[in-house]
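Residue-level structural notes
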Amino acid sequence: MDASMFRAWIHEAARLVVDNTDHLTRLDSAVGDADHGINMRRGLLAAVAMLDEANPSTPGAVLATVGRALISKTGGASGPLYGTGFRQAAGTLGEEPDVSAAQLGAALAAALTGIQRIGAALEGDKTMIDALGPAVTAYQAVIDTGGDLSNATRAAYDAAVRGLKQTVGMQARKGRASYLGARTIGHEDPGAASTVLILSALATVTAASGRPGAGTAS
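Nothing here was measured: the structure is a model prediction, and the numbers come from that model.

Calculation rules
- Residues numbered from 1 in each chain as written.
- Predicted model: local features only at pLDDT ≥ 70, side-chain atom pairs only at ≥ 80, totals over all residues.
- Heavy atoms only, no water.
- Helix = DSSP H or I, 4+ residues; strand = E, 2+ residues; numbered from the N terminus.
- Contact = heavy atoms within 4.5 Å.
- pLDDT = per-residue confidence, 0-100.
- 1 Å grid on protein atoms, 1.4 Å probe; cavity = no way out; pocket = protein on both sides within 12 Å on 5 of 7 lines; lining within 4 Å.
- Points joined across faces, edges and corners; volume = space filled by probe spheres on them.
- Nonpolar A, V, L, I, M, F, W, Y, C, P; charged D, E, K, R; others polar.
- Core = buried A, V, L, I, M, F, W, Y, C linked by side-chain atoms within 4.5 Å.
- Buried < 20%, exposed > 50% of the residue type's maximum accessible area, 1.4 Å probe, protein only.
- Salt bridge = Lys/Arg side-chain N within 4 Å of Asp/Glu carboxyl O.

Moving on, we come to the environment of E188. Positionally, E188 belongs in the loop between α8 (149-166) and α9 (190-210). Sequence separation between E188 and M1 is 187 residues, and the spatial gap between their C-alpha atoms is 32 Å. Among all residues touching E188, those that are not within four sequence positions of it are H23, L27, L164, T167 and V168.

Below you can see the structure in the form of structure tokens.
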């Protein structure tokens, strides 16, 4: 994956979040401040604008730019969490002009670690970690058994979807949602839902690069 593919990933993620803003907001209205969709749309559109202006030339620089945009432009807890994740991933990639599937896996794992460090959440706490954690594990499992980038990102997306569905039965133990206690049971976590959209975009872009004319991961 080169910088153009990473930029395509973020453009597709922004498109999906814009298309699903109302859905994310509805999810957040049940367990939070009803602003997750609006915040994520603002942050990712700002990231796209910054990428278009700066035109970073390496994958790491693309992700670092995204991280800065999300931290500075996304409201609520989402900005620091996602922004840190992208910046940690960027640091793992360094200044390489083209990164392998294994390097992308390391970047995703670094993003997970960074988000967990500042959010102090584990799988089962009803947060974005319930989608991202299984996704990172599934991605690495495919790479470790000789799978290619497209298969790995599709596995990550599928695992994130399963993780999102599992949040319905969970009681939130982190963030503002935790104050609602048992009332959070029965609802998907909005952070896990936006994570699914971002990973869907990654799977779509890598599938299209490997198989011209391939469909989306949604």
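Here we come to the confidence of the model for the protein chain. Low pLDDT means the predicted coordinates in that region are not meant to be read closely. Across the protein chain, the average pLDDT comes to 93, with 96% of residues at or above 70. Segment residues 212-218 is flagged for pLDDT under 50; beyond a separation of four residues in sequence, or across chains, it makes 11 contacts in the model.

Reported here for the largest pocket is a volume of approximately 560 Å³. As for the largest pocket, its lining consists of 26 residues, and the residues nearest its centre are A77, S78, L81, G175 and R176. For the lining of the largest pocket, the per-class residue count stands at nine nonpolar, 10 polar and seven charged.

Bringing the nonpolar core into the picture now. Core analysis: the largest hydrophobic core is formed by 65 residues, its most contacted members being F6, W9, I10 and Y139. The element best represented in this core is α9, accounting for 10 residues. Those residues within four positions of F6 in sequence are excluded, and the remaining contacts are M1, P59, V62, L63, L93, V99 and L104.

Right, let's talk about unusual backbone geometry for a bit. Unlike most non-glycine residues, N55 shows phi in positive territory, near 50°. Relative to the elements of secondary structure, N55 occurs in the loop between α3 (36-54) and α4 (59-73). N55 sits in the partly exposed class, given a relative accessible area of 49%. The phi dihedral of K126 falls on the positive side, at around 65°, and the residue is not glycine. Relative to the helices and strands, K126 is located in the loop between α6 (101-119) and α7 (129-144). Using a relative accessible area of 2% as the deciding quantity, one classes K126 as buried.

What follows is about the pattern of salt bridges. Within the structure shown, the criterion is met by four salt bridges. Ionic pairing is found between E12 and R15, a salt bridge with its closest N-O pair at 2.8 Å. Remark: R15 and E12 occur in helix α1 (residues 3-19); sequence separation between them is three residues, near one turn of the helix. What makes E12 buried here is its relative accessible area of 14%. Relative accessible area serves as the criterion here: at 39%, R15 is assigned to the partly exposed category. Among the charged side chains, a salt-bridge network with shared partners connects E12, R15 and D19.

Our next topic: empty space enclosed by the protein. Inspection of the entire model under this criterion finds one cavity of 30 Å³ or more. The calculated volume of the largest cavity comes to roughly 190 Å³. What lines the largest cavity is a set of 16 residues, among which F86, L108, A111, L132 and I198 lie closest to the centre. Among the elements of the structure, α5 (78-93), α6 and α9 are those that each provide at least two residues to the lining of the largest cavity. Per element, the largest residue contribution to the lining of the largest cavity is five residues, and it comes from α6. Broken down by class, the residue content of the lining of the largest cavity amounts to 14 nonpolar, two polar and no charged.

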